[in-house]
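Coordinate inspection notes
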Amino acid sequence: MKKFLQQTALAAGLMAVGFGAHAQTITLKVHHFLGPQSIQHTTMLGDWCKNIAKDSNNRLQCQIFPAMQLGGTPPQLYDQAKDGVADVVWTVAGYSAGRFAKTQVFELPFTMTNAAATSRAAWDFVQKNAMDEHKDVKLLAVHVHGPGVIFTRDKPITKMEDFKGMKMRAPTANVTKMLAKMGATPVGMPVPQVSEALSKGVIDGAVIPYEVAPGLKVHELTKYSAETDKSFPALYTTVFVVPMNKAKYESLPADLKAVIDKNSGREFSAFLGGTQEGNDVPSRKVFTDTKTQTISVIPPAELARWKKATDEQDNEWVDSMNKRGLNGAALLKDAQDLIKQYTK
C-alpha cells in the first residue's frame, strides 16, 4: 500500500508539472504595418517567433498581426507596445517625430555602410547612449534597412538639380531635411501610403529601399529608379525598433525571460537588418525585369556634390544634441566609430 501511495503521488506530481507547463503557455501579440506576404512578416518576425517557441519548448508562442490588424496607425505602434495593446511591435523610430533623436543618428546622409554592420552599431549605440529614449519598453532590437533608392514617376534623377520642384516622399524627419537640402519638396508619410500617393500624383517620387518597393507596386507606378554608387556610403537609411511591452516581459518567469533575452540584442538586430538588405536583390530584379523601368546609378563625382550639400545636416544634429545638454560631437563620433568597427 505504501508503495502504491508513493507511485500515485509521483504520478499526480508529474501530471501537475505537465499541467503547470501547459498552463504557462503564453501567446505574444506581435503587430506591424506591412502585409502578410512581406519579409518582415514571414522571416524577420516569423523566424523570431519560431526561435522563441523552439527555445521555450513551445511555452512562448506568437500571433503576428500584419497591416495594422490590431487597429491604429503606424505612428501609434510604439505606444501600442508601451501601453500593452500589443506585446511586441516592429516599427520605424522616425514615425514618432523627435522622440528618438539620438537613436536616429544613423539616418544622417551618407552614414550607413551595410545594414548588418550598421544595425550592430545602432544596437550598441542605443545601449550606451540612448536607453532613456526607450525606458518605457523592453527593447529587443534596433536595425536599419539597405541603401535607400530614389523612385520617380515622370523624370529621372541623375544630378542634384533634378530634385528641384519634385515632391518626394520621405520616411522620417532626417530624410525630409536631406531631400530639402538637395532641392526637393519633401512630403512625409509612412510607407503604406506611398502607393496611393504615387497613383494620385500627390508625390512625384519616393525614397525607399528596393526591398519594400514591389509590395507597394512601385515598379508599376514609377518609370525611373536611381541607385547610388556602391563605393559610396548609402544615401540614407531608416532606423527601425522592436519594442516589447515592459509589463509583459516582467510578468514572464525567469526561464522565459531568458528566452526573450537570448533572442534579442545585437545579433537579432543584425539579422533583421541583414535580412532586409538581402531582400533588396530579388526585389531589384522585379525592376530589371520590367520593360517600363529605367535604372540609373549616380556616380561618385555627383554623389560628392550631394554629400557636400547635406554635410551641414551632421552639424545641425550635433547642435540639437548640444541644446539638450549633451555632447553632440562625441555622440556622432561614437556612432561613426561603431559603424567602422562592425563594417568588414
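Residues numbered from 1 in each chain as written. Predicted model: local features only at pLDDT ≥ 70, side-chain atom pairs only at ≥ 80, totals over all residues. Heavy atoms only, no water.

Quick word on helix H4 (residues 115–130)
- Its 16 residues give H4 an end-to-end C-alpha distance of only 20 Å, which falls more than 12% under 22 Å, the value for a rise of 1.5 Å per residue.
- Taking burial as the measure, the 16 residues of H4 include 13 buried ones, the bulk of the element.
- For H4, the capping residue at the N-terminal end is Asn114, with a side-chain oxygen 3.3 Å from the backbone nitrogen of Ala116. (Helix = DSSP H or I, 4+ residues; strand = E, 2+ residues; numbered from the N terminus. Expected span 1.5 Å × (residues − 1). Buried < 20%, exposed > 50% of the residue type's maximum accessible area, 1.4 Å probe, protein only. Polar contact = N/O pair within 3.5 Å; in protein donor to acceptor, adjacent residues only side chain to side chain.)

Concerning the nonpolar core
- Grouped together as the largest cluster of nonpolar side chains are 49 residues, with contacts concentrated most on Phe33, Trp48, Val191, Val218 and Ile260.
- Considering every element that reaches this core, the biggest residue donor is helix H2 (residues 39–55), with six residues.
- Counting 32 residues, the second largest nonpolar core, distinct from the first, contains Phe100, Leu108, Ala121 and Ile339. (Core = buried A, V, L, I, M, F, W, Y, C linked by side-chain atoms within 4.5 Å.)

Considerations on empty space enclosed by the protein
- For the structure on display, the rule yields one cavity of 30 Å³ or more.
- Of the pockets and cavities examined, the largest cavity occupies roughly 130 Å³.
- Taken together, 19 residues line the largest cavity, and the ones lying closest to its centre are His145, Val191, Pro209, Val212 and Phe240.
- Among the residues forming the lining of the largest cavity, the class breakdown is 13 nonpolar, four polar and two charged. (1 Å grid on protein atoms, 1.4 Å probe; cavity = no way out; pocket = protein on both sides within 12 Å on 5 of 7 lines; lining within 4 Å. Points joined across faces, edges and corners; volume = space filled by probe spheres on them. Nonpolar A, V, L, I, M, F, W, Y, C, P; charged D, E, K, R; others polar.)

Remarks on the state of the cysteines
- All told, the structure shown has one disulfide when counted by the stated rule.
- Between Cys49 and Cys62 runs a disulfide, and the two sulfur atoms are separated by 2.3 Å. Here Cys49 and Cys62 share a disulfide; its torsion about the S-S bond, -90 degrees, makes the bridge left-handed. Placement of Cys49 in helix H2 and of Cys62 in strand E2 (residues 60–65) is noted, with a sequence separation of 13 residues between them. (Disulfide = S-S within 2.5 Å.)

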